[in-house]
Amino acid sequence: LKAIYLPYWTFDAAAHADWTAMSGDYYYTTETYRDSNGRMQTRQVRHVRWYPTSGSLDHFFDDDLVPGTVGARIDLLRKIEPFPTRELRPYDPAFVRGWIVERYQVDLRKASQLNRARMDQEMQSLCASRVPGDTHRDLQVRTAYRQRTFKHILVPVWLVHYTFGPKSFQVLVNGYTGNIAGDRPFSALKLFFYVILPSIILVAVFLWIASQQN
């Protein structure tokens, strides 16, 4: 179990997006068909009526987090986020005394690219939520960013790294909120004997009892 301060980058930006899309409204018609027995049946068939739409959206990104580490698994870090950036304090050696402090391994250029991709995805999703109608297609988003700034911060994490057989595993704990994420060994053999096989036996017994009652 290691107490470690991991490096992060945070980015702020004001974003403005203009979007266009084809919106679709559902409508239904009744269709007559012949079933497998030759009888005539009716059913409701759904159609889409398409029409062009457009709009704009303003959004402010506040302290969007980008990990500056490659040692801790990114998928696990995302699960223990957020780290409350409003509680950040200026660096003081007393804060990190007794902790390992990792230098950033993802430089600012790379972090900026990762952040820009995340912001683009978020704007795409926000614009998609504004498209009217029951469904949509051909969504095109043009986003412009301004007042984009960054900070380099350190966040507290408890880290467990262990091996089981040939595989390595990690468990991470958010040192501020206590959120936990990790993985553990998985045995297909144990799953079969303790879960699947008993289930099969129970189903077989139930079917046998049902057949005896009939």
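Preceding block: the structure.
None of these values were measured; they are calculated from a predicted model.

Asker: Would you mind going over the packing of aromatic side chains with me for this structure?
Answerer: How two aromatic rings sit relative to each other is set out by the distance from centre to centre and by the angle between their planes. Counting across every chain of the model gives seven aromatic pairs. Measuring from ring centre to ring centre gives 5.1 Å for tryptophan 9 and tyrosine 104, while their planes differ by 65°; the resulting arrangement is edge-to-face. Within this pair, whereas tryptophan 9 is found in strand S1 (residues 2-34), its partner tyrosine 104 is found in the loop between strand S3 (100-101) and helix H3 (108-130), the two being separated by 95 residues in sequence. Among the residues examined, tryptophan 9 registers a relative accessible area of 5% and is labelled buried. A connected cluster of aromatic rings, assembled from ring pairs, spans Trp9, Phe11, Tyr104 and Phe150. One residue, arginine 43, lies across the ring of tyrosine 33, its end atom 4.3 Å from the ring centre. For arginine 46, the ring lying beneath its charged end belongs to tyrosine 26, and the centroid distance is 4.0 Å.

Asker: What is the right way to read the pairing of strand S4 (residues 135-164) from this model?
Answerer: On a regular strand, one side chain projects to one face of the sheet and the next to the other, so that they alternate. Where S1 lies against S4, 21 bridges are found, and the strand directions are antiparallel. Each residue of the ladder has a partner; that of tryptophan 19, found in S4, is valine 141. In this structure, the hairpin formed by S4 and strand S5 (residues 167-174) is closed by a connection of two residues, where glycine 165 is found at a positive phi of approximately 65°.

Asker: So what exactly am I meant to see when it comes to the pattern of salt bridges here?
Answerer: Side chains that differ in sign of charge can pair as their charged atoms come close. Using the criterion set out here, one finds ten salt bridges in the structure. Of the charged contacts in the structure, one is a salt bridge between aspartate 62 and arginine 86, with a shortest N-O distance of 3.6 Å. In this pair, aspartate 62 is assigned in strand S2 (residues 40-67) and arginine 86 in the loop between helix H1 (74-80) and helix H2 (93-96), connecting sequence segments 24 residues apart. Judged by relative accessible area, which is 42%, aspartate 62 ranks as partly exposed. Using a relative accessible area of 72% as the deciding quantity, one classes arginine 86 as exposed. Linking lysine 151 and aspartate 63 is a salt bridge whose minimum nitrogen-to-oxygen distance equals 2.7 Å. Here the residue lysine 151 occupies a position in strand S4, and aspartate 63 occupies one in strand S2, the gap between them amounting to 88 residues. Given the relative accessible area of 33%, lysine 151 is considered partly exposed. The exposure class of aspartate 63 is buried, given its relative accessible area of 14%. One salt-bridge network, in which partners are shared between bridges, spans Arg73, Asp75 and Asp183.

Each value, and the rule that gives it
- Residues numbered from 1 in each chain as written.
- Predicted model: local features only at pLDDT ≥ 70, side-chain atom pairs only at ≥ 80, totals over all residues.
- Heavy atoms only, no water.
- Phe/Tyr/Trp six-rings, centres within 6.5 Å; stacked < 30°, edge-to-face > 60°.
- Helix = DSSP H or I, 4+ residues; strand = E, 2+ residues; numbered from the N terminus.
- Buried < 20%, exposed > 50% of the residue type's maximum accessible area, 1.4 Å probe, protein only.
- Lys NZ or Arg CZ within 6 Å of the ring centre and 35° of its normal.
- Pairing = 2+ DSSP bridges.
- Salt bridge = Lys/Arg side-chain N within 4 Å of Asp/Glu carboxyl O.

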